[in-house]
Each structure stands twice: as structure tokens, then as C-alpha cells.
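Chain and residue survey
Below, each chain spelled out in residue letters.
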Amino acid sequence: MEDDYYMSCEDESYYDEEEEEEDNDGENMETDIMAIGESETKCVVSSTKVISRESLLAAQRGDVQKYHARTLLIHYRWDVDKVLAVYVERGKEFLYEKAGVTMAEHGTSQLSSSVMCDICMDEIPANKVTVMDCNHCFCNECWTEHFIVKINEGQSRRIKCMAYKCNAVCDEGIIRNLVTARDPNLAEKFDRFLLESYIEDNKKVKWCPSVPHCGNAIRIEDDELIEVECACGNQFCFRCLCEAHSPCTCQIWEQWLKSLVDESQSVKYIAVHTKPCPKCGKVVEKNGGCNLVACHECGRFKEEEVANLEQTKKDLIRYNHYFNRYQAHKVSLKVEATLKQTVQTKIYDLQENLSSAEDYNWIIKALDRLFLSRRIVMCSYPFAYRMFGDLLKEEMTKKQRMIKQNLFEDQQQHLEASMEKLSMFTQEPFEEYSEKKLSELKRRMMDLSTLVDNLCLKLFECIEYDLLGKLQFSGHLHRVVSYNPNGVEKASEINSLSGL
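These remarks concern the structure in this document. Note that the structure is a prediction, hence the values are computed from the model and not measured. (Residues numbered from 1 in each chain as written. Predicted model: local features only at pLDDT ≥ 70, side-chain atom pairs only at ≥ 80, totals over all residues. Heavy atoms only, no water.)

Structural notes on helix H9 (residues 184–200)
Over its 17 residues, H9 runs 24 Å from end to end, which matches the ideal 24 Å to within 8%, given 1.5 Å per residue. With 12 of 17 residues buried, H9 is to be regarded as a mostly interior element. Along H9, the residues that are buried comprise Leu-186, Ala-187, Phe-190, Asp-191, Arg-192, Phe-193, Leu-194, Leu-195, Glu-196, Ser-197, Tyr-198 and Ile-199. Put simply, Asp-183 is the residue that caps the front of H9, since its side-chain oxygen is 3.2 Å from the backbone nitrogen of Asn-185. (Helix = DSSP H or I, 4+ residues; strand = E, 2+ residues; numbered from the N terminus. Expected span 1.5 Å × (residues − 1). Buried < 20%, exposed > 50% of the residue type's maximum accessible area, 1.4 Å probe, protein only. Polar contact = N/O pair within 3.5 Å; in protein donor to acceptor, adjacent residues only side chain to side chain.)

What follows is the structure, given as C-alpha cells:
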């Protein structure tokens, strides 16, 4: 990531304002804490925000009023609600002490003409020493060396006082001024670490996982269980940072991704190392020796080995069923993604031929509905593979499990069939249709889009309430993103000037 986007003239004036206000921090800290909460509320325009390189400082400024407020927020990982809760329940002194914030007044005006530095043990003129909020005083050279070491060690966010057993966090304005005099580039690194803490230490903000990285981060306001779209177009699950995968839970999706590697290796192994017996058709493994292989089924055999081979074969057949359906929809999704430009061209031709200003947005909406439902159906197969393979085995009888599976597959197949009809409609040469035929197509596509929308909702409800909701032992570990008829939520951009 480039360094030049972190600091600007406007940024420096922001820090100058902080330094001018430091003398009043002790009297106004309670107001500052409440102001943080108010600024959080004020920033809620939509549930998710894109934080670009240019708007990173603005986003942080929206949550921070003064240096001490940022110190508190960094300690409590930018959880404003927790800061306010500790302030109310345990009091101001406890809140400050845990975060390393001290409010003691300080200054060099009361010092004698020279001061002995307890670090280097030299007599230093009073104008070349610095007193921190905790009232500990050392020479500027020792402070600077201390800050440089801590910054290079990656501890910029909470650099503590050098005094023995002192838990106070040093004033970032003093750190910046002293380090800048020695090494301006390192001072920029310090500022970068402070800014990035807003993302890396904040559970409500995460970097977009795009590759190559777009440089954006996403901020949410509510539950982290949400699927979002960055300004770069990347759609992902905010909780696990994988691609958008509802109706799969994060745990099931991660297991599926692992199985894509593990199971494929098993398939390759069986294809290479086993062959069916020419007499009985059972799978026989050759693991050494000459090419003469005796079948366990035809002659003497070990029952356990045959049972294991047969179970492995059944497991692979089951896996291949779900994988092939998943892969087929994945390919269809890629092919259909190219349809949008084609459809827009057809709409343009249609408007030219009919000389009409009619709105054909219903075609685009049907196409968007197709994309969303295709992704949902695609991800429903990994869900079914895990749900009816591992999750229900210990919690339900075989009969109960079959009832649940039939219920789910009925919903899945009904949605899949309706979705494929909608796919066929979107590929019709409607630019050649008459107005009457076009009107009929419009009615059918709108009705089918509504039906697909309702079926998607029913599938999510089936998963959330009839399947995951019935798990007694592991249900709390599996939560699915709520169905959004508009698809993955697009994060709005933060204004780089206002932070909104």
C-alpha cells in the first residue's frame, strides 16, 4: 500500500487542532466519550460503507474527537458501545487506567534550568526535555530513540512511557513531533499505523479481500453476518471474508472448500491405484508386489477391508453428485454473467425498431434475479452435502433425517426448475418480437421473477428454521445470512471530506 495517501495538508491541520485542544482534555473527556457515540450514530447513512484510501482519515475522524478518545478506542478495539459501557459501569478512573490514559497537568515551565535524564543520566537543558501526561520527564533524545524502536517493532498504536511500571500511553502529537525531527519517513509510518488501526483493530471494519487488493475497506454498522459488495465489485461475506456463499453458513462453506481439495485427491488416488474385479466388479487395490492381484470378493478376503473400500466408494459417489451440480451452476453463472451486455444491446435495438420510449428495465431486473438465484442454488449443494452428511447424523434418526432431506430437496428442485425457465426467457430473441408478443413475454418474466424470489425466501426459511433451527448441539455455531431480495448489499462510499 502506498504511503502518500495517509497525510495531506488537511491531515496536518487536523493534528494541529488536536494539539491546541490537549490542554482542555481533562475537563472535556466525558463530553468527548459521549460525542464518540453521537458521531457513530451520525455516520449511519447505510448499513455498510466503503472506506477508500482517500477517505480513511475521514472515516476515523468520524469516530474520534481528540487524542485521548483515540487512545481509548484503540485499547477497546474501536468498540464505542464497550467504551461507554465501561465508563457507566466502572467509572472514568477505571476506564482511563485500563487504557493507559492519564489526565495530570504537565509542562516544562516549572522545571529548573537543567534536568537530569534518568535514562542517559546527563544534565539536559529544560527546553530539551519533554514531560508526558503521567508527569514523567526525559530528554528528547531518549524519548525519540524510544519511539523509533517501538515504531519499528510495530507498536505504534500504544507506545507507553519509558518509566518503570508506568502504564501511561504517550501523547501521539509529541511522538509525531519528535520523530519527524529525526526521521520524517518514520513519522509517516507512525501515522499510517495509527490510521490502519481503525481497520485492523476494529471488528466493524475489514479490508476488502480482493486480489489484487483494491485498497478499500468495508465498515458495517450492525451484525457482522452480512454479505457486501465493495466499490471494486468484489462480493464477499464480511464474517469469514470468503466469496458470498449464502445459504451456506461460514463453517459449512469453509468445510466445502477444504473438501474440494481433499476429495479430489481421493478420486485421483482411486482412479490410479484401484481397478474393478473382472469377475465380480468390486474395487480391488494393488499396493505392491507383482501384477497378479487376487480379489477379496472372489477368494479369501478380510471383511473390514472390503467394507472400508465400499464405504469410500459410496462417499465419493455422493460427493461427486453434489460437486457436479455445484460445478454445473458455477459454469452457468459465469456464462450468464456475459448476458447483461448482450441484453442491453438487444434493448437498444428494440427501442430503435419500435421507436418507443418504453422502459425495458423489467428485463434487467429479471436478469439480476437470475444471477442471484443461480448463486443461491449453486451454494445450496455444498450446504446439502454437509447438512445431510455430518451435521444431522448425531442429532436425528435416519428416518427423521430423510424427512428433512426430502423437504429441503423439494424446495431446492422447485427453485431450480423455475430458475432454469427464467434463464430460457432471458435468452429469447425478444428484440425481434412484436409489441403484443413482447408484452406477453414481459408478463411471463415478471411473474416468474416473483415466483423465483418467493422460492428463494422459502429455501432460506427452510434452512434457517427447519434445518439449522432444529440442531440441538451445534445449531448455535451455524448461522445463515438472512435472505436479501435485492442481492448482496452494495456498500456506499464515505465522503473523504465529511466522513459520511
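A look at unusual backbone geometry
Between Val-211 and Pro-212 the backbone carries a cis peptide bond, its omega angle lying at -5°. With respect to the helices and strands, Pro-212 occurs in the loop between strand S6 (205–207) and strand S7 (217–220). At the junction of Ser-246 and Pro-247, the peptide bond is cis and its omega measures out at 15° in the coordinates. For Pro-247, the location among the structural elements is in the loop between strand S9 (235–237) and helix H10 (250–273). Positive phi outside glycine occurs at Met-121, with the angle close to 65°.

Details of the sheet that holds strand S13 (residues 492–493)
Pairing within the open sheet is mixed, and its four strands lie in the order S6-S7-S1-S13. With partners counted over all chains shown, the strands left at the sheet margins are S6 and S13, one partner each. Of the pairings in the sheet, the one linking strand S1 (residues 48–51) to S7 comprises four bridges and is antiparallel in character. If you follow Val-50 over to S7, its bridge partner there is Ile-218. The strands touched by H9 are S1, S6 and S7; relative to S6, the strand with the most contacts, the crossing angle is about 105°. (Pairing = 2+ DSSP bridges. Contact = heavy atoms within 4.5 Å. Axes fitted to C-alpha atoms, helices over the stretch in contact; angles between N-to-C directions.)

A short note on the sheet that holds S9
The sheet built from three strands is open, its strands ordered S9-S8-S12 with mixed pairing. Of all strands in the sheet, those bounded by a partner on one side alone are S9 and strand S12 (489–490).

Thoughts on the pattern of salt bridges
Pairing of side chains with opposite charge becomes possible as their charged atoms draw close. By the definition in use, this model includes 12 salt bridges. Residue Glu-416 is joined to Arg-325 by a salt bridge in which the shortest nitrogen-to-oxygen separation is 2.3 Å. Pair noted here: Glu-416 is in helix H14 (residues 398–426) and Arg-325 is in helix H11 (residues 303–337), with a separation of 91 residues, a long-range link. Given a relative accessible area of 9%, Glu-416 falls into the buried group. Bridged by salt links that share partners, the residues Glu-141, Glu-145 and Arg-182 form one connected network. (Salt bridge = Lys/Arg side-chain N within 4 Å of Asp/Glu carboxyl O.)

Observations concerning the packing of helix H7 (residues 140–152) against helix H8 (residues 172–182)
Two quantities define a packed helix pair, namely the angle between the axes and the distance from one axis to the other. With their axes 9 Å apart at the nearest point, H7 and H8 run at an angle of 90° to one another. Classified by the interaxial angle, the pair formed by H7 and H8 is roughly perpendicular. In this structure, H7 uses Asn-140, Glu-141, Trp-143, Thr-144, Glu-145, Phe-147, Ile-148 and Ile-151 to contact H8, whose residues at the interface are Ile-175, Leu-178, Val-179 and Arg-182. Across the contact of H7 with H8, the residue classes break down as seven nonpolar, two polar and three charged. (Parallel < 35°, antiparallel > 145°, perpendicular 65-115°, else oblique. Nonpolar A, V, L, I, M, F, W, Y, C, P; charged D, E, K, R; others polar.)

Quick look at the side chain of Ser-449
Considering the arrangement of structural elements, one finds Ser-449 in helix H15 (residues 435–467). We classify Ser-449 as buried; its relative accessible area is 11%. Setting aside chain neighbours within four positions, we find Ser-449 in contact with Ala-366, Arg-369 and Leu-422.

Quick word on the pairing of S1
On any regular strand, side chains alternate: one points to one face of the sheet, the next to the other face. Here S1 shows no split at all, with Thr-48 and Val-50 on one side and Lys-49 and Ile-51 on the other all buried. As judged from the two bridges shared by S1 and S13, these two strands associate in the parallel manner. Looking at the pairing, Val-50 lines up with Glu-493 of S13.

A few points about the nonpolar core
If you look at the biggest cluster of nonpolar residues, it comprises 60 residues, and the most contacted ones within it are Ile-376, Phe-383, Met-387, Phe-408, Leu-415, Phe-430 and Leu-467. Secondary structure elements with two or more residues in this core: H10, H11, helix H12 (339–354), helix H13 (361–391), H14 and H15. No other element matches H13, which puts 19 residues into this core. Each residue touching Phe-383, except ones within four places of it in the same chain, is listed here: Pro-247, Cys-248, Ile-252, Phe-408, Ile-463, Leu-467 and Leu-468. In this structure, Val-83, Leu-95, Ile-159 and Trp-207 belong to the second largest nonpolar core, which totals 48 residues. (Core = buried A, V, L, I, M, F, W, Y, C linked by side-chain atoms within 4.5 Å.)

Description of the pairing of S7
Burial of S7 is two-sided: the residues Ala-217 and Arg-219 facing one way and the residues Ile-218 and Ile-220 facing the other way are all buried. With three bridges joining them, S6 and S7 adopt antiparallel strand pairing. Residue pairing for S7: Lys-206 is matched across the bridge by Ile-218.

Observations regarding the packing of aromatic side chains
Where two aromatic rings form a pair, the distance of their centres and the angle of their planes describe that pair. Summed over all chains, the structure comprises 13 aromatic pairs. An angle of 20° between the planes, with centres 5.6 Å apart, marks the rings of Trp-143 and Phe-147 as stacked. Of this pair, Trp-143 and Phe-147 both sit in helix H7, four residues apart, which is roughly one turn of the helix. The class for Phe-147 is buried, based on a relative accessible area of 0%. Taking 5.3 Å as the distance between ring centres and 75° as the angle between the ring planes, the aromatic pair formed by Trp-256 and Tyr-326 counts as edge-to-face. With Trp-256 in helix H10 and Tyr-326 in helix H11, this pair connects stretches of sequence that are 70 residues apart. Site record: aromatic cluster; members linked through ring pairs are Trp-253, Trp-256, Tyr-319, Tyr-322, Phe-323, Tyr-326, Tyr-381 and Tyr-385. Above the face of the Phe-238 ring, Lys-206 is positioned so that its terminal group lies 5.0 Å from the ring centre. We note Lys-437 situated over the ring of Tyr-433; from NZ or CZ to the ring centre the distance is 4.3 Å. (Phe/Tyr/Trp six-rings, centres within 6.5 Å; stacked < 30°, edge-to-face > 60°. Lys NZ or Arg CZ within 6 Å of the ring centre and 35° of its normal.)

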